[in-house]
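Report on the structure
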Amino acid sequence: MAGLLKPPGNFALTPHKVSICILVQVYAPPSELSVPFPFSSVSHHNCLGIFLLSLTKACDSIFEPSLDELIAQLREIGGLLNHWLSDHLTRRLSSLASPDDLFNFFNDLRGILGGSDANVVDDDQIVLDPSSAIGMFVRRCLLAFNVMSFEGVCHLLSNIGTYCKESLSDCPPFELSHLDDSSNDPELEYESMELENFVFEKVSEEFEARKLANERVSFHSHAPGALFELVEDTDFPPSSSVEHIDRPREVSPCAPSTSDTLRGTGPPGGTFLRTNWQVQGYLSEQADAIEKHGSSFPIYAFESILKRLQKSAPELHRVHFLRYLNSLYHDDYPGALENLHRYFDYSAGTEGVEFVPDPSGCSGLGRYEIALLNLGMMHFHLGHPKQSLEVLIEAVRVSQQHSDDTCLAYTLAAICNLLSAIGFSNMTGIIGASYWPVAGIGTSSSIQQQLFVLLRRSLKRAESLKLKRLVASIHLEIAKFDLTHVQRPLLSFGPKASTKLRTCPANICKELWTSYHLISDFTDETSIMTTDGAFCTSWLQNLKKPRGSLVFSQENGIRSDSDIFHFSAQPSSIPGSVLHLLGSSYLVRAAAWETYGSAPLARINALVFATCFSDSSSSADAALAYAKLIQYLAVFKGYKEAFAALKIAEEKFLCVSKSIILLVKLQLLHERALHRGHLKLAQQLCDELGVLASPVTGVDMELKTEASLRHAQTLLAANQYDQAAAVAHSLFCMCYKFNMQVQNATVLLLLAEIHKRSGNAVSGIPYALACLSFCQSFNLDLLKASATLTLAELWLSLGPSHAKKALSLIHGAFPVLLGHGGLELRSRAFITEAKCYLAEPSFSVSEDPEMVLEPLRQASEELQVLEHHELASEAFYLMAIVYDKLGQLNEREDAAASFKKHIIALENPEDKDDPLSNFP
Amino acid sequence: MASKETCRTELRSAVRLLSDRGLYSASKWAAEQLMGIEQDPAKHTPSHTRFQRGSSSIRRRFRAAAAGDSSATPSAGVSYVATPSMAGAEDYEYDAIDNDFYLLAKSYFDCREFRRAAHVLRDQTSKKAVFLRCYALYLAGEKRKEEEMIELEGPLGKSDTVNKENVSLERELSALRKNGTIDSFCLYVYGLVLKEKGSENLARTVLVEAVNSYPWNWSAWSELQSLCTTIETLNSLNLNNHWMKDFFLANTYQELRMHNESLSKYEYLQATFSFSNYIQAQIAKAQYNLREFELVQVIFEELLRNDPYRIEDMDMYSNVLYAKECFSALSYLAHRVFLTDKYRPESCCIIGNYYSLKGQHEKSVIYFRRALKLNKNYLSAWTLMGHEYVEMKNSSAAVDAYRRAVDINPCDYRAWYGLGQAYEMMGMPFYALHYFKKSVFLQPNDSRLWIAMAQCYETEQLHMLEEAIKCYKRAANCNDREAIALHHLAKLHCKLGHTEEAAFYFKKDLDRMEAEEREGPNMVEALMFLAQHCKTKKRFEEAEVYCTRLLDYTGPEKETAESLLQGIRYEKLDVEHFPP
């Protein structure tokens, strides 16, 4: 902007472009018949056309391909002609020996363009339409050549010379050159991201394997664990990516070996940047990839590409943004901060960011509010809620000043996101202290109310600006908000009688539906260019695939076919961001159904996400869906299957610290340890879970609640009622403080449970009732059912006179319990039912033994799957008693033996094999 | 330190040797230092000494303090390398014909026909010829590189042109170095090549070898200096002790922002080279960085008197004149450099400064741009241009200019500060803080930076007064000349209701104003607060003193003071009549 810049003329002639021009001449020779000389058929001819089109649009890398690569691609499409084509190309190129040859060449090139009056053209004649894509390309080349100075022509000539020489030097056997390329050609090495990815995957697999081996030995002790973490952090980058990528860089400039240094000296063939448009396309694709893969994106490889790009195009500031993203997703705070500032200092927010350019024209002052928005998101991402809020508030102010409504809408949405994601209470201080954008509301109102208002306002704003994707995501946000918040009138004065303290599932459904409408009209907002480029890229890559695996053609034939099919079957793809939004709407649905207690629906939604959207969404989201599915498996099918699934998920997602997969693993292990009675192990796992949460108050609240919930459960299982109650109480206080009502219901249930177990049924009942009323107002059906069950158990323990009441409670809850409850809940219900029958004085076993035996049998089967020794032994005990009463001695002995087995397993957990050794 | 006489003979032969090899700037430097050595007045005609002495009365005044210890001999145990035999033994290995080749090549070289010169020497094997050939090739490559850089500049900035001779040069020179037949001048060229290639460690080693075997090549020392970016690398260098090393160290300390160390080194060197313009200019540079503008101005005035056509370092002088708002002196300087050589970046920069001082910012931008066209990495021009854009309220252009300066040298605290200012101007104080933090990190002893940061915290949008107080405290601790910090501290404490602290700072501010004999609204404010404060604290005598001083001023304060005095009298009566 202020520098010593020339106006960007953005099209430079390079040897590669000259080659394309030569091929275009072959494609459309002046005055020839419909199928010109070298081609055998029309489709063959068209194939070259598509190839040329793709070459001008593909954005798979930043540098133009070398002659070798081009020839290799030509071989793929050329069929029988490939030798003719490549020979022709090299012949033409090497015939360009003096500046005058170039002048003549471009003069000839002009001849293949048709005139603007299309009527005179014969049907048979091939004429390139000047306004077609290839025609435009040719015209741009001509223009670029015409404005070129004599020095420029000289440079082009010498560049063509090196371009040809490079390929000729290792030309003769093409196969050989390709095999060699990957090993000694630094350019190729940078570009072949697949190779890099492959190595990365391999290493991470190896690392996983090592980790498992490690874990088996030392999961319990922390010191080796920490060491192992160290290994994880330091060991594998140098062993793989760093070395892999940096070696060619180090070698080529340092060692005076001839081939490398030759490359370094002349402007080598491979180092011409593609057109600005193609490079931008490449960068935005990479940006998507970074956001999608998060920390598993190969940081070093990409960094070195960026370095080269920056070196050859210092005025392309987008590079800094990519760098920022790269360091952000690898949690490199200083790097991210530095690059973010650098990017916006240079670009003033006007280059390349995804926002729709304001048609009203936003003055020459730059749009630094976008910088603020990004900075805010960065702080949010890295877990600095305070700074994030400060910055976002400043962003609101600045965008109001510059009347940048679009940015304002996005900023408000970001604030909503921040408020809903981060714990609330500690925020009041900041918001009270500083200027708060929602001016109409006094600081006295709670954050939830502010968030509520903010959401509605930003929705209105986004709707009026017609930012469809933003509208959709705000709808999702509102749905999330409604899910856990009771509707309440905003102002506390006025008649309160009409207040209905409930959440409204119908509203959520409505919000989700409105967000869903997006799919029908996303097209107007997207840039078709990038998808276009992406298609060309994938087409070109498919060209390469069969070549690379000629040997295995039988096996891979099907796959590459399907790829091609894939390509041709999708004339226009849905843009990634829309898919992402749709996907997250499914996740929200799954979450909603989970809270409302419909297990099958939740499972189905998670399944839909995992199957349809896991490719287009970020890997964190996909991991979340997998985690949910694994949890369902554990609850409904037992641990064996869950662990098998977990193993698959761990292979699929890189198991970094704090990842959701790790979390699920700890949860499963903890639950299993509890069920099996390995209390020490359970406590350890529960501590590990707690450590994962950030130490900052108000951050990672869910994780913290879960950790202390599990802590209380463990204490309860160890019959330390006082301590368990203390933990639960403090947890309740915390949840109350942070306004986490739904979690409070769970805590209340836990307290009821504690009182029940401690034999203090009378004081347990109020807790259960409180939990019930919570569940009622939040529509938590499944939790309500299990609270009812606990209540029934409490009544039952008050004495046989209450058995009838308990029984009716259970029967009321049975539909939900059996339809949606997990194995544990169901069998507990069965056992309680049996107990009720047995306790009831009017019931006699001998009259109707199946009334008792059937539920007990069910319970014992399910509990064995779950390996829940305590409940299983109870079930078998009851069964034995019933059989005893019935006089069926054999069955009685069987039940007693099972009872004994479970009791022994429960009491001597150490005798059994180490639970981790049979864990995958 | 070697004696003046040895230095003189060494430099004398070095000048000949260096200019014979076409190392002009090094030979210029050596000749300057040669003339910088104080002559023995007995041996020379008075005209010589007059030329040398100039008017050194002012200088003496400033030098008096430092002169005491600077003549000290080096501490015991430091052994200086013996002076190697100067007259190159290699001259003898020349026969007449070879020498003729060399003469032709050297003439071509002097006419800047580098390739031709190299071609003449293609089969010569003497060390001198090899050097000249390599050096000519290197320069030819550099020249071509510069041209190509302009020819090939793409839409997105430079295309990475490189010196195409470097590869072959590197191969040849590394072979020479391996078989031990390389001389120190070739080592210097080798170092240049390596540095450009980016292999800094090897370059450093090679350059150290070069200066150890031939210490009088200042260009080699400068290259070495540019490779020492941290004090650790500097300390790890294995350098022989030679008086040239002191020049090197002084220069490097300066670049590492260790201004006091650098200053003492230069003053030590001045004992021998008491008339060296170079040393004087370097001292001026160090003093400038220590913000001793008066002194810098005196030094530069004398420098110009001795060397009126000097352009080097004059941009710094213009900065000083700018800061002191000397319109006519600055215009005089601009005129002079313009006549001497208008296409030097320094000249453009000086003219830019002049226009900026006159408030014609558009014109000044034009000249800064010209300076940047001449040297794209001219740091201070980028920063100054940023300042101009700030003045013109074109903040995004300012941000861009500052950012370029920062990317050239990330230690330029002025540019970081400028970035912060620009963003603060745009109403983004929180964003600006990042930049202010960077700048105070680099220059923690500059009160202006701390004050700027404090004001940023104080803005109504941020309103983080506690942090502002902390910053003002830092500012007050590091020699805050305009005493802004004290006043702000007092007011902030007053605002936050910390009356004791406020009184403390008002008192301090008052004392300071008295000491510097300043008057103004701040004085009234301080007196007013102190009077009221003392009254509420029942220190009536003090309060009365402040009130009486307030009576000297006109306006509402006077009336308030009168009523205060009355109130004090009543209360005093109360205290006297009804003691508690």
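Since the model is a prediction, treat every value here as computed from it, not as a measurement.

Counting its secondary structure elements, chain A contains 41 helices and zero strands. Residue burial in chain A is summarised as follows: out of 920 residues, 51% are buried. Long-range pairs, those at least 24 residues apart, make up 69% of the contacts in chain A between residues at least 6 apart in sequence. Split by element, the accessible area of chain A, about 41,500 Å² in all, is 58% carbon and sulfur.

Turning our eyes to something else, we now look at the overall build of chain B. Scanning chain B from N- to C-terminus turns up 32 helices and zero strands. Sequence-distant contacts, at least 24 apart, represent 57% of the contacts inside chain B between residues at least 6 apart. Accessible surface computed for chain B: about 27,100 Å², of which carbon and sulfur atoms make up 53%.

What follows is about the environment of A:Leu783. Residue and element names in this part refer to chain A. Among the secondary structure elements, Leu783 is positioned in helix 36 (residues 781-797). For Leu783 and Ala896, which are 113 residues apart along the polypeptide, the C-alpha to C-alpha distance reads 33 Å. Leaving out residues up to four positions away in the same chain, Leu783 has contacts with Ala745, Thr746, Leu749 and Cys775.

Now for the packing of helix 11 (residues 200-213) of chain B against helix 12 (residues 218-226) of chain B. If you want to describe how two helices pack, look at the angle between their axes and the distance between the axes. All names here are of chain B. With their axes 9 Å apart at the nearest point, helix 11 and helix 12 run at an angle of 150° to one another. The orientation of helix 11 with respect to helix 12, classified from their angle, is roughly antiparallel. Between helix 11 and helix 12 lies a crossing whose hand is left-handed. Contacts between helix 11 and helix 12 involve Arg204, Leu207, Val208 and Val211 from the first element and Ala220, Trp221, Glu223 and Leu224 from the second. Grouping the amino acids of the contact of helix 11 with helix 12 by side-chain chemistry returns six nonpolar, no polar and two charged.

Moving on to the nonpolar core. Counting 147 residues, the largest nonpolar core has A:Met378, B:Tyr423 and B:Tyr431 as its most contacted members. Sort the elements by how many residues they give to this core and helix 19 (residues 405-421) of chain A lands first, with 10 residues. Once residues within four sequence positions are removed from consideration, A:Met378 is found in contact with A:Tyr324, A:Leu328, A:Tyr333, A:Ala336, A:Leu337 and A:Leu340. If you look at the next biggest cluster of nonpolar residues, it comprises 104 residues, including B:Phe109, B:Leu169, B:Leu194 and B:Leu227.

Turning next to the UniProt feature "repeat: TPR" (unreviewed entry) in chain B. Residues and elements named next belong to chain B. In the numbering used here, UniProt assigns the feature "repeat: TPR" (unreviewed entry) to residues 345-378, 379-412 and 413-446. For the annotated span residues 379-412, helix accounts for 79% and strand for 0% of the residues, and the straight-line distance between the end C-alpha atoms is 8 Å. End-to-end, the C-alpha atoms of residues 413-446 are 10 Å apart, and along that stretch the chain is 79% helix and 0% strand.

What follows concerns the environment of A:Ala813. Residues and elements named next belong to chain A. Residue position: Ala813 is located in helix 37 (residues 803-820). For Ala813, a relative accessible area of 8% translates into the label buried. Linking Ala813 and Ala787, residues 26 residues apart in sequence, is a C-alpha distance of 9.4 Å. In contact with Ala813, not counting residues within four places along its chain, are Ala785 and Thr788.

With that out of the way, let us pick up the pattern of salt bridges. Applying the stated rule across the entire model yields 52 salt bridges over all chains. A salt bridge links A:Arg857 to A:Glu854, with the shortest nitrogen-to-oxygen separation between them at 3.5 Å. Of this pair, A:Arg857 and A:Glu854 both sit in helix 39 (residues 849-866), three residues apart, roughly one helical turn. A relative accessible area of 36% places A:Glu854 in the partly exposed class. B:Arg133 is the salt-bridge partner of B:Glu172, the closest N and O atoms lying 2.8 Å from each other. With B:Glu172 in helix 9 (residues 166-178) and B:Arg133 in helix 8 (residues 127-151), the pair connects residues that are 39 residues apart, well separated along the chain. With relative accessibility at 13%, the residue B:Arg133 sits in the buried group. Three or more residues joined by partner-sharing salt bridges are found here, namely A:Glu338, A:Arg342, A:Asp345, B:Arg403, B:Asp407 and B:Lys438.

Right, let's talk about helix 19 of chain A for a bit. Residues and elements named next belong to chain A. Under the 1.5 Å per step criterion, the end-to-end length of helix 19 is 24 Å for 17 residues, consistent within 8% with the ideal 24 Å. Of all 17 residues in helix 19, 12 are buried; the element is thus mostly enclosed. Considered for burial, the residues of helix 19 that qualify are Thr406, Cys407, Leu408, Ala409, Thr411, Leu412, Ala413, Ala414, Ile415, Cys416, Leu418 and Leu419.

Bringing the confidence of the model for chain A into the picture now. Residues and elements named next belong to chain A. On average, residues of chain A score 71 in pLDDT, and 68% of them are at 70 or above. Ranking the elements of chain A by mean pLDDT puts helix 11 (residues 222-254) last with 33 and helix 36 first with 88. This stretch, residues 489-499, has a pLDDT under 50; its non-local contacts, to residues over four places away or in other chains, come to four contacts. Considering only residues more than four positions removed or in separate chains, one finds that residues 911-920, a stretch of pLDDT under 50, has 19 contacts.

Residue and element names in this part refer to chain A. Between helix 16 (residues 333-347) and helix 17 (residues 368-381), the shortest axis-to-axis distance is 10 Å and the interhelical angle comes to 170°. Here helix 16 lies roughly antiparallel to helix 17, going by the angle between them. Contacts between helix 16 and helix 17 involve Tyr333, Ala336, Leu337, Leu340, His341, Phe344 and Asp345 on the former and, on the latter, Tyr368, Ile370, Ala371, Asn374, Leu375, Met378 and His379. Of the residues assigned to the contact of helix 16 with helix 17, the class counts are 10 nonpolar, three polar and one charged.

It is worth spelling out the side chain of A:Ser873 at this point. Along the chain, A:Ser873 turns up in helix 40 (residues 869-886). If near-sequence neighbours (up to four positions away) are discounted, A:Ser873 is found in contact with A:Phe899, A:His902 and A:Ile903.

It is worth spelling out the packing of aromatic side chains at this point. Going through the model one piece at a time under the given rule, you end up with 38 aromatic pairs over all chains. Through a chain of ring-to-ring contacts, the aromatic side chains of B:Tyr24, B:Phe109, B:Phe114, B:Phe131, B:Tyr135, B:Phe185, B:Tyr214 and B:Trp216 assemble into a single cluster. The side chain of A:Arg603 reaches across the aromatic face of A:Phe636, ending 5.4 Å from its centre. Over the ring of A:Trp795 we find A:Lys805; its NZ or CZ atom is 4.1 Å from the centre of that ring.

Residues and elements named next belong to chain A. Residue placement: Phe636 occurs in helix 28 (residues 619-637). Residue classification places Phe636 among the partly exposed positions, given a relative accessible area of 21%. Spatially, the C-alpha atom of Phe636 lies 9.2 Å from that of Glu862, the residues being 226 residues apart in sequence.

The next subject is unusual backbone geometry. All names here are of chain B. One non-glycine residue, Arg257, adopts positive backbone phi at about 60°. Inspection of the secondary structure puts Arg257 in the loop between helix 14 (243-255) and helix 15 (259-270). Arg257 sits in the partly exposed class, given a relative accessible area of 35%. Of note in this structure, Asp313 is not a glycine but carries a positive phi near 65°. With respect to the helices and strands, Asp313 occurs in the loop between helix 17 (293-306) and helix 18 (314-323).

Conventions and cut-offs
Residues numbered from 1 in each chain as written. Chains lettered and ligands numbered in written order. Predicted model: local features only at pLDDT ≥ 70, side-chain atom pairs only at ≥ 80, totals over all residues. Heavy atoms only, no water. Helix = DSSP H or I, 4+ residues; strand = E, 2+ residues; numbered from the N terminus. Buried < 20%, exposed > 50% of the residue type's maximum accessible area, 1.4 Å probe, protein only. Contact = heavy atoms within 4.5 Å. Areas by Shrake-Rupley, 256 points an atom, 1.4 Å probe, with all protein chains shown as cover. Axes fitted to C-alpha atoms, helices over the stretch in contact; angles between N-to-C directions. Parallel < 35°, antiparallel > 145°, perpendicular 65-115°, else oblique. Left-handed = near helix turned anticlockwise from the far one by under 90°. Nonpolar A, V, L, I, M, F, W, Y, C, P; charged D, E, K, R; others polar. Core = buried A, V, L, I, M, F, W, Y, C linked by side-chain atoms within 4.5 Å. UniProt positions renumbered as here; feature names shortened; annotations may be inferred. Salt bridge = Lys/Arg side-chain N within 4 Å of Asp/Glu carboxyl O. Expected span 1.5 Å × (residues − 1). pLDDT = per-residue confidence, 0-100. Phe/Tyr/Trp six-rings, centres within 6.5 Å; stacked < 30°, edge-to-face > 60°. Lys NZ or Arg CZ within 6 Å of the ring centre and 35° of its normal.

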